[in-house]
Amino acid sequence: MIFILGSYCITQDFGLTFQERRGKFKPQINKLKYMSLKSKNFGEFLKDLRIKKELSLRDVCKLTKYDPSNWSKIERGKICPPCNEEILRIWAKVLDAEDIQAFIDRAMLSQGMLPRDVFSNNKVVEHLPAFFRTLRNKKPTRKEVDNLIELIKKDGLQED
Amino acid sequence: MDYKRTKIPFLDNALIREKADDFRLEYSNDSLPLDIERIIDVKLKIDIIPLQNLHDHCDADALITSNWDAIYVDYKRFVDDRYQNRLRFSFAHEIGHFVLHKDIYNSFKIKSEKDFYNLIKNIPELQYGYLEKQANMFANNLLIPRKKLIEESKKIKNNPDIKKLLISNNIDEQSLNPYISIPLSKKFMVSEEAIEIALKNIDNT
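Read on for a plain summary of the structure.

Quick word on the nonpolar core
A:Phe103, A:Phe132 and B:Ile95 are the most contacted members of the largest nonpolar core, which totals 95 residues. The element best represented in this core is helix 5 (residues 84-100) of chain B, accounting for 7 residues. Those residues within four positions of B:Ile95 in sequence are excluded, and the remaining contacts are B:Phe23, B:Ile36, B:Ile40, B:Leu44, B:Ile46, B:Ile71 and B:Phe138.

Quick notes on the interface of chain A and chain B
Taken together, the contact between chain A and chain B spans 44 residues of the former and 53 residues of the latter. Buried surface at the junction of chain A and chain B, summed over both partners, amounts to about 4,400 Å²; 59% is from carbon and sulfur atoms. It is A:Arg58, A:Phe131 and A:Lys139 in chain A that bury the most area against chain B; as a group they hold 20% of the surface buried on that side. Inspection of the region where chain A meets chain B yields 7 salt bridges. The residue A:Arg133 makes a salt bridge to B:Glu125 at a minimum N-O spacing of 3.1 Å. On inspection of chain A and its partner chain B, the count reaches 24 residue pairs in polar contact (both at pLDDT 80 or more). Listing elements by their share of the side of chain A that touches chain B, those giving two or more residues are helix 4 (42-52), helix 5 (57-64), helix 6 (68-75), helix 9 (121-127) and helix 10 (142-156) of chain A. The leading source of residues in the side of chain A that touches chain B is helix 10 of chain A, at 11 residues. When the residues that make up the side of chain A that touches chain B are grouped by side-chain class, the tally is 18 nonpolar, 8 polar and 18 charged.

Section: helix 6 of chain A
Most of helix 6 of chain A sits out of view: 7 of its 8 residues are buried. What helix 6 of chain A keeps buried is the set A:Pro68, A:Ser69, A:Trp71, A:Ser72, A:Lys73, A:Ile74 and A:Glu75. In the core, the buried residues of helix 6 of chain A are packed alongside helix 4, helix 5, helix 7 (85-94) and helix 10 of chain A together with strand 1 (47-51) and helix 4 (75-79) of chain B. Sitting at the amino-terminal end of helix 6 of chain A is A:Asp67, which places a side-chain oxygen 3.1 Å from the backbone nitrogen of A:Ser69. Phi turns positive, to about 70 degrees, at A:Gly77, one or two residues after helix 6 of chain A.

Side note on the layout of surface pockets
Residue and element names in this part refer to chain B. Put simply, the second largest pocket is a space of about 690 Å³. If you go around the second largest pocket, you meet 30 residues; those closest to its centre are Arg-86, Phe-89, His-93, Glu-132 and Asn-136. For the lining of the second largest pocket, the secondary structure elements donating two or more residues are strand 2 (62-64), helix 5, helix 8 (125-143) and helix 12 (192-203). Ranked by residues supplied to the lining of the second largest pocket, first place goes to helix 5 with 7 residues. Looking at the lining of the second largest pocket residue by residue, the class counts come to 10 nonpolar, 12 polar and 8 charged.

So, the pattern of salt bridges
All names here are of chain B. Within this structure, the stated rule accounts for 21 salt bridges over all chains. For the salt bridge of Asp-61 with Arg-86, the shortest nitrogen-to-oxygen distance reads 3.2 Å. In this pair, Asp-61 is assigned in the loop between helix 3 (54-58) and strand 2 and Arg-86 in helix 5, connecting sequence segments 25 residues apart. Judged by its relative accessible area of 3%, Asp-61 falls in the buried class. For Arg-86, a relative accessible area of 39% puts it in the partly exposed group.

Concerning unusual backbone geometry
Note that the residue after B:Leu32, namely B:Pro33, is joined by a cis bond; omega there is -10 degrees. Along the polypeptide, B:Pro33 turns up in the loop between helix 1 (13-27) and helix 2 (36-43). In this model, A:Asn137 sits at a positive phi of 65 degrees, which is unusual for a non-glycine residue. Note that A:Asn137 resides in the loop between helix 9 and helix 10. With relative accessibility at 46%, the residue A:Asn137 sits in the partly exposed group. Positive phi values are uncommon outside glycine, yet B:Trp68 reaches one of about 65 degrees. Examined against the element boundaries, B:Trp68 turns out to sit in the loop between strand 2 and strand 3 (70-74).

Criteria and thresholds
Residues numbered from 1 in each chain as written. Chains lettered and ligands numbered in written order. Predicted model: local features only at pLDDT ≥ 70, side-chain atom pairs only at ≥ 80, totals over all residues. Heavy atoms only, no water. Core = buried A, V, L, I, M, F, W, Y, C linked by side-chain atoms within 4.5 Å. Buried < 20%, exposed > 50% of the residue type's maximum accessible area, 1.4 Å probe, protein only. Helix = DSSP H or I, 4+ residues; strand = E, 2+ residues; numbered from the N terminus. Contact = heavy atoms within 4.5 Å. Buried area = accessible area lost by both parts, 1.4 Å probe. Salt bridge = Lys/Arg side-chain N within 4 Å of Asp/Glu carboxyl O. Polar contact = N/O pair within 3.5 Å; in protein donor to acceptor, adjacent residues only side chain to side chain. Nonpolar A, V, L, I, M, F, W, Y, C, P; charged D, E, K, R; others polar. 1 Å grid on protein atoms, 1.4 Å probe; cavity = no way out; pocket = protein on both sides within 12 Å on 5 of 7 lines; lining within 4 Å. Points joined across faces, edges and corners; volume = space filled by probe spheres on them.

Read these as layout, nothing more, since geometry by itself doesn't imply function.
Here is the structure:
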């Protein structure tokens, strides 16, 4: 798996030394030992917490006042979580995270570590609708199918 | 594959109702309205993915993916509360495909985008319509449990004012359906049209 460094947060901090960056993010190393990069990514972790709390996407976005499209993209590893500690603190509280600081650290660590997930043809086929009926109750036109495949591909690509 | 010869198996309303009732029993309690979004998202763990321009570019508001892992929903409609009832029905409709049509989809053997284009182009409109009709019937039965509908409509019809209205105007109970569908639509969080279809359905059985 290839990891890329492309997030706004990481590039912003490239001018800082490692110690300065560590000081800024204040990750508690002892708590992070179990947060191996090989373990679940932040998106999956976030989704697990939400499901455990029995909150739907709509519920959690209402409670956190966050955009549902972006929340969904974070859960699916398409974009990084926000860098803002206050926002993350609210999320941790809403989701009843056991350790709020560990939650924030984990989000911070995940910055810029999205796997480059090339949306292969196979994946596009899997993400095609099983059945596609338009709201006018007809089969879609060729143009509408083209548009849909374009939307699916766009959604499948992570935002670098 | 020759999609022109596709024949969709007939499923009668009683069977679809039974499947909808079984589904509700497994994933929900008796409370109204049925929280279809939470069932999809939290219980079935099917991702709900808000997609920009799904409605504007594709004339669709919700579509379940062929790996059954996600439902795309039009972003604007998802965040606009005015479309909530409409979307609830669309979500239930997609679950109808999930419950009723997995085998049929597998039989289409879609392996590439080209296959998908071929399916859409060649499957007879009438046969494709049957799939949608069945998913609609499932959605209607899922969101409007008939037992509950009978209970709730009786409550309204037993109201003394309503009884007086029926007697003084010499009208039968069925003529009231378009009127009682208004409060019932709020109770079940579906459209008045969906309630009228359900009421007609119980009147005929």
